Amino acid sequence: MAYHYENIRLEKGMYGRSGQSFAKTLEELDPSENYRGTPLEGLDAFQRQLKRFDIKVKGAGSDMVEKFFHTTESSVLFPEFVSRVVRQGLEEGSILPDLVATVTHFDGMDYRSIASVPTEEDKKLRRVEEGAAIPETVVRTQENLVRLHKRGRMLVASYEAIRFQRLDLFSVTLRQIGAYIGRMHLEDAIGVILNGDGNDNKAKSYSVGTKPVSGTAGTLSYEALVDFWSQFDPYTMNTLLVGNDMMLAMLKLPEFQNPLTGLNFQGTGTLTTPLGAKLLRSGMVPAGTVIGLDKRYALEQISASEILVEYDKLIDRQLERAAITSVSGFAKLFTDASKVLRV
């Protein structure tokens, strides 16, 4: 049986379309919905092209890098392969989805988020009497632009150096590049939570031993965490982000040694606190700092581009100093949905 994907003409220009990725272009030329009920159901357009040129990218029987360059058309697939594996490394083990309320895809570098800053009176739930004015929630654009950052790595290797490497092994290096880019995005996100996005929305900071947080400065206690938790009303502190030092301090608290907490960690690999908040760790959090947030309302991620590779260089086998980049930024949505505890 002949399939349409075998007749698609692949060319370098499929990468250069404004606002449209190679994968989307390929999907438009060869829609996956046309393969329902066939042996190719479940594969996307790119995976069908790999099958067309018999390129195996995973497992012990994976092909060598040079398999992509057996024909002019198959070489066009190589940048998309690189992009996908880098994205896999970026997403593997990333805690960003646990910090971000929403992801906005934006084609550009100048972005203004929206904000709604209620007063204490606005936060109160008032009964609306007949004929009375209904309380308002004012949504406006932020005054200052959100800064977007380009993060990336340079792939430095000659084609001769990698042509005989198995794609499965080469993928390990590409995933490491993705993981590095992901850590840089996480560092940006933590910076915005702590210092704001340039719109005077720095996270409110509390200190252990200073009202309303009880305890002794320099020592983390469960009582101090409870006092910190209580400052989030009307939000819910459902996420705690800490560095290595605060993670160790928390795990040594008697309240964190509850057998049910241990069973949950052993069963799911996820640590939850007795307060019900998900506990996350990052070495990018400053020492002595506990970040609390209501994940549903605290942070917006702005993605200005997918993983970008210099496709011309990769297709032409000129890998020396080929850039792999991603452009992203973060905006505070509701300032009071994230707060900081200094120990």
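See the structure shown above.
Residues numbered from 1 in each chain as written. Predicted model: local features only at pLDDT ≥ 70, side-chain atom pairs only at ≥ 80, totals over all residues. Heavy atoms only, no water.

Engineer: Describe the packing of helix H1 (residues 22–29) against helix H2 (residues 45–52), listing the residues and the values that go with them.
Structural biologist: At a minimum axis separation of 8 Å, H1 and H2 run at an interaxial angle of 80°. Looking at the two axes, H1 sits roughly perpendicular to H2. Contact residues: H1 offers Phe22, Leu26 and Glu27, while H2 offers Ala45, Phe46, Arg48 and Gln49. In terms of residue class, the contact of H1 with H2 is built from four nonpolar, one polar and two charged. (Axes fitted to C-alpha atoms, helices over the stretch in contact; angles between N-to-C directions. Helix = DSSP H or I, 4+ residues; strand = E, 2+ residues; numbered from the N terminus. Parallel < 35°, antiparallel > 145°, perpendicular 65-115°, else oblique. Contact = heavy atoms within 4.5 Å. Nonpolar A, V, L, I, M, F, W, Y, C, P; charged D, E, K, R; others polar.)

Engineer: Any chance you could break down the packing of aromatic side chains for me, citing the residues and the numbers?
Structural biologist: Under the defined criterion, the tally for this structure stands at 16 aromatic pairs. Seen in terms of ring centroids, Tyr235 and Tyr297 are 5.7 Å apart; in terms of plane orientation they differ by 55°. Their pairing is tilted. One end of the pair, Tyr235, is in the loop between helix H8 (222–229) and strand S6 (239–242); the other, Tyr297, is in the loop between strand S8 (289–293) and strand S9 (299–303), with 62 residues separating them in the sequence. Tyr235 sits in the buried class, given a relative accessible area of 17%. With a relative accessible area of 34%, Tyr297 lands in the partly exposed category. Where Tyr235 meets Phe334, the ring centres are 6.3 Å apart and the plane angle is 50°; that geometry is what we call tilted. With a gap of 99 residues between them, Tyr235 in the loop between H8 and S6 and Phe334 in the loop between strand S11 (322–332) and strand S12 (338–342) connect regions that are remote in the sequence. Residue placement shows Arg153 over the ring face of Tyr180; its charged tip is 4.1 Å from the ring centre. The ring of Phe232 has Lys339 sitting right over it, with the charged end atom 5.7 Å from the ring centre. (Phe/Tyr/Trp six-rings, centres within 6.5 Å; stacked < 30°, edge-to-face > 60°. Buried < 20%, exposed > 50% of the residue type's maximum accessible area, 1.4 Å probe, protein only. Lys NZ or Arg CZ within 6 Å of the ring centre and 35° of its normal.)

Engineer: Outline the side chain of Thr239, supporting the account with residue identities and numerical values.
Structural biologist: Note that Thr239 resides in strand S6. Its relative accessible area of 4% is what places Thr239 among the buried residues. Polar side-chain contacts of Thr239 include one of 3.2 Å to the side chain of Asn238. The residues contacting Thr239, other than those within four sequence positions of it, are Asp98, Leu99, Ala277, Lys278, Leu280, Ile291, Gly292, Leu293 and Lys295. (Polar contact = N/O pair within 3.5 Å; in protein donor to acceptor, adjacent residues only side chain to side chain.)

Engineer: For the side chain of Asp294, give the residues involved together with the corresponding values.
Structural biologist: Following the sequence through the fold, Asp294 ends up in the loop between S8 and S9. We classify Asp294 as buried; its relative accessible area is 0%. Residue contacts for Asp294: discarding those within four places in its chain leaves Phe232, Tyr235, Thr236, Asn238 and Ala337.

Engineer: Before we move on, can you summarise the nonpolar core with the specific residues and values?
Structural biologist: Ranked by internal contacts, the top residues of the largest apolar core, which has 39 residues, are Phe68, Phe78, Phe81, Val82 and Ile324. Elements with a minimum of two residues in this core: H1, H2, helix H4 (78–91), helix H6 (159–162), helix H7 (167–195), helix H11 (311–315) and S11. No other element matches the six residues that H4 contributes to this core. (Core = buried A, V, L, I, M, F, W, Y, C linked by side-chain atoms within 4.5 Å.)

Engineer: Describe the packing of H4 against H7, listing the residues and the values that go with them.
Structural biologist: At a minimum axis separation of 6 Å, H4 and H7 run at an interaxial angle of 55°. When the interaxial angle is binned, H4 and H7 end up oblique. Our pair here, H4 against H7, has a crossing hand that is right-handed. Judged by residue contacts, Phe78, Phe81, Val82, Val85, Val86, Gln88, Gly89 and Leu90 of H4 engage Leu167, Phe170, Ser171, Leu174, Arg175, Ile177, Gly178, Ala179, Ile181, Gly182 and His185 from H7. Split by residue class, the contact of H4 with H7 holds twelve nonpolar, six polar and one charged. (Left-handed = near helix turned anticlockwise from the far one by under 90°.)

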